[in-house]
Amino acid sequence: MFSNKDISHFANLETPFYYYDLTLLQNTLQACSNAAKVYNFHVHYAMKANFNPAVLEKIRSTGFGADCVSGGEVKKAVEIGFEPGKVVFAGVGKSDQEINEALDLDIFCFNVESIQELEVINELAGKKGKKAKVAIRINPNVDAHTHHNITTGLDENKFGINSWDLPACAETLKSCSQLEFIGVHFHIGSQITNLDVYKNLCVRVNEFASWFEERGFLVKVLNVGGGLGIDYHQPDEQIPDFASYFKIFQDFLEVRPNQEVHFELGRALVGQSASLISRVLYVKNGKKKNFLILDAGMTELMRPALYQAYHKIENISRPETEAAMKYDVVGPICESTDCFGKEVELPETFRGDLIALRSTGAYGEVMASHYNLRENVKVEFSTAK
Ligand SMILES: *Cc1c(COP(=O)(O)O)cnc(C)c1O
């Protein structure tokens, strides 16, 4: 929700821009941290969701670790002060250079996604005379019941090691002298709103952890990944129910004494704390459709074009006016997928009105591109309330 003060401030600014509510971000981080502490759970922030420096600084100072999916993220995390001992590195395609740099930084753990990758890390660590800590990312074949483009834990997905390859994986681990196995890792998808999915995941985690234990491996870490969704239809509800989320893992995971449970949350921590603010450039009334053409497009917010994602669209210049019209809300980019919403109910809208695309704190600014030679997207922060 925007105050009148916010809106009159926006009126003087060049659009489009991401507007971050750092107070809400702080409250969300604190709520998550408090809920995790109840069970002594460890949280690593999935940096790819948002790596705006101001956002990262809040997350670092809350005490979370960093979950990285590229060498660039690993370097950035350490550079801005995340302890290397709290940095994990996942990804199906880690290059030799990325692995070498992460070895040099002595990160906590590589989440390894193939047998060949284990062999490569072993060899590169050997050349440096180091031991690399590894967790095995297992594809548990659990359906996340989310959009198919953001499902990652099914047999057909490219991520992780499939269960039928685990015997070979265990052999490789035993023969690789430069690797230290620390545990198992899972990440089954994103924007998961049905918490029952996590019960199914827990059952599989228990099975796989036992599988390794039975073969003489010490499983110190159960890393269950992230994926907790937010309610894109209720941007003002704001703080996700972290307590219920963590309780599922407390209830359904069989955690051994001295075993640590790790989480990798991205979207749930940052998603609600930004909106993309844009102006209406043109109103085009047609026979079949009315279009609002905004000065923001898929170059600023790609999620709708990439996976038909929903973002609530509000005309914040006319908060009191009843929604009496239906518009297709589109951007200026030369692609038909450059559309934020079809038949969106809004008050009658005019050139120059300010439009807010809500819940854009996760996978928003970080996915911005220069397609059509667009400028860097601008960023504004809330002043303390
Ligand atoms: C993207 C990602 C996450 C975070 O996902 P969210 O849906 O943003 O919580 C966690 N772990 C890994 C390995 C990822 O790739």
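It should be emphasised that the depicted structure is a prediction, and the values quoted were computed from it without experimental measurement.

A. Region of interest: helix α7 (residues 166–175). Those residues of α7 that fall on the buried side of the exposure criterion are Leu166, Cys169, Ala170, Thr172 and Leu173. The buried residues of α7 all sit within an arc of 160° when viewed along its axis, so they share a single face. Opposite its buried face, α7 presents the exposed residues Glu171, Lys174 and Ser175, each directed more than 90 degrees away. Next to the buried residues of α7 lie α6 (115–127), β6 (132–139), β7 (161–162), β8 (179–185) and α8 (196–214).

B. How the structure looks around the pattern of salt bridges. All told, the structure shown has 21 salt bridges when counted by the stated rule. A salt bridge links arginine 358 to glutamate 314, with the shortest nitrogen-to-oxygen separation between them at 3.2 Å. Of this pair, arginine 358 sits in the loop between β16 (354–357) and β17 (378–381) while glutamate 314 sits in strand β13 (residues 313–315), and the two are 44 residues apart along the sequence.

C. Just the site of the ligand, in detail. Around the ligand, the structure places 16 residues, and the nearest of them are Lys48, Ser190, Glu264, Arg267 and Tyr363. The contact in question runs from a nitrogen atom of the ligand to an N or O atom on the side chain of aspartate 67, over 3.1 Å. Glycine 227 has a polar backbone atom sitting 2.8 Å from an oxygen atom of the ligand. The fraction of the free accessible surface of the ligand (390 Å²) that becomes covered by protein chains is 94%. At a threshold of 2 Å from the grid points, most atoms of the ligand map onto the largest pocket. Split into classes, the residues belonging to the shell around the ligand amount to five nonpolar, six polar and five charged.

D. Examining the packing of aromatic side chains more closely. One pass over the structure, following the stated rule, counts 22 aromatic pairs. Seen from their ring centres, phenylalanine 10 and phenylalanine 17 are 5.5 Å apart, and the 70° between their planes marks the pair as edge-to-face. Across the pair, exposure class does not vary: phenylalanine 10 and phenylalanine 17 are buried alike. Their ring planes at 75° and their centres at 4.7 Å tell us that phenylalanine 10 and tyrosine 19 sit as a pair that is edge-to-face. A relative accessible area of 5% means that tyrosine 19 is categorised as buried.

E. Quick look at the domain arrangement of the chain. Here the domain parsing of the chain yields domain 1 (4–17 + 272–382) and domain 2 (22–271). Each of domain 1 and domain 2 has a C-alpha centre, and the two are 33 Å apart. Contact residues are listed per partner, giving 22 residues for domain 1 and 25 residues for domain 2. Approximately 2100 Å² of surface area, both sides summed, lies buried where domain 1 meets domain 2, with 51% of it carried by carbon and sulfur atoms. The largest share of the area that domain 1 buries against domain 2 comes from Gln272, Tyr363 and Val366, three residues that together contribute 33% of it. Inspection of the domain 1/domain 2 interface yields one salt bridge. Arginine 358 serves as the salt-bridge partner of aspartate 236, at 3.1 Å between the closest nitrogen and oxygen. Inspection of the domain 1/domain 2 interface yields eleven residue pairs in polar contact (both at pLDDT 80 or more).

The rules behind each value
Residues numbered from 1 in each chain as written. Predicted model: local features only at pLDDT ≥ 70, side-chain atom pairs only at ≥ 80, totals over all residues. Heavy atoms only, no water. Buried < 20%, exposed > 50% of the residue type's maximum accessible area, 1.4 Å probe, protein only. Helix = DSSP H or I, 4+ residues; strand = E, 2+ residues; numbered from the N terminus. Arc of directions from axis to C-beta. Contact = heavy atoms within 4.5 Å. Salt bridge = Lys/Arg side-chain N within 4 Å of Asp/Glu carboxyl O. Near = heavy atom within 4 Å. Polar contact = N/O pair within 3.5 Å; in protein donor to acceptor, adjacent residues only side chain to side chain. Areas by Shrake-Rupley, 256 points an atom, 1.4 Å probe, with all protein chains shown as cover. 1 Å grid on protein atoms, 1.4 Å probe; cavity = no way out; pocket = protein on both sides within 12 Å on 5 of 7 lines; lining within 4 Å. Sits in = over half its atoms within 2 Å of the grid points. Nonpolar A, V, L, I, M, F, W, Y, C, P; charged D, E, K, R; others polar. Phe/Tyr/Trp six-rings, centres within 6.5 Å; stacked < 30°, edge-to-face > 60°. Domains from an automatic or database assignment. Buried area = accessible area lost by both parts, 1.4 Å probe.

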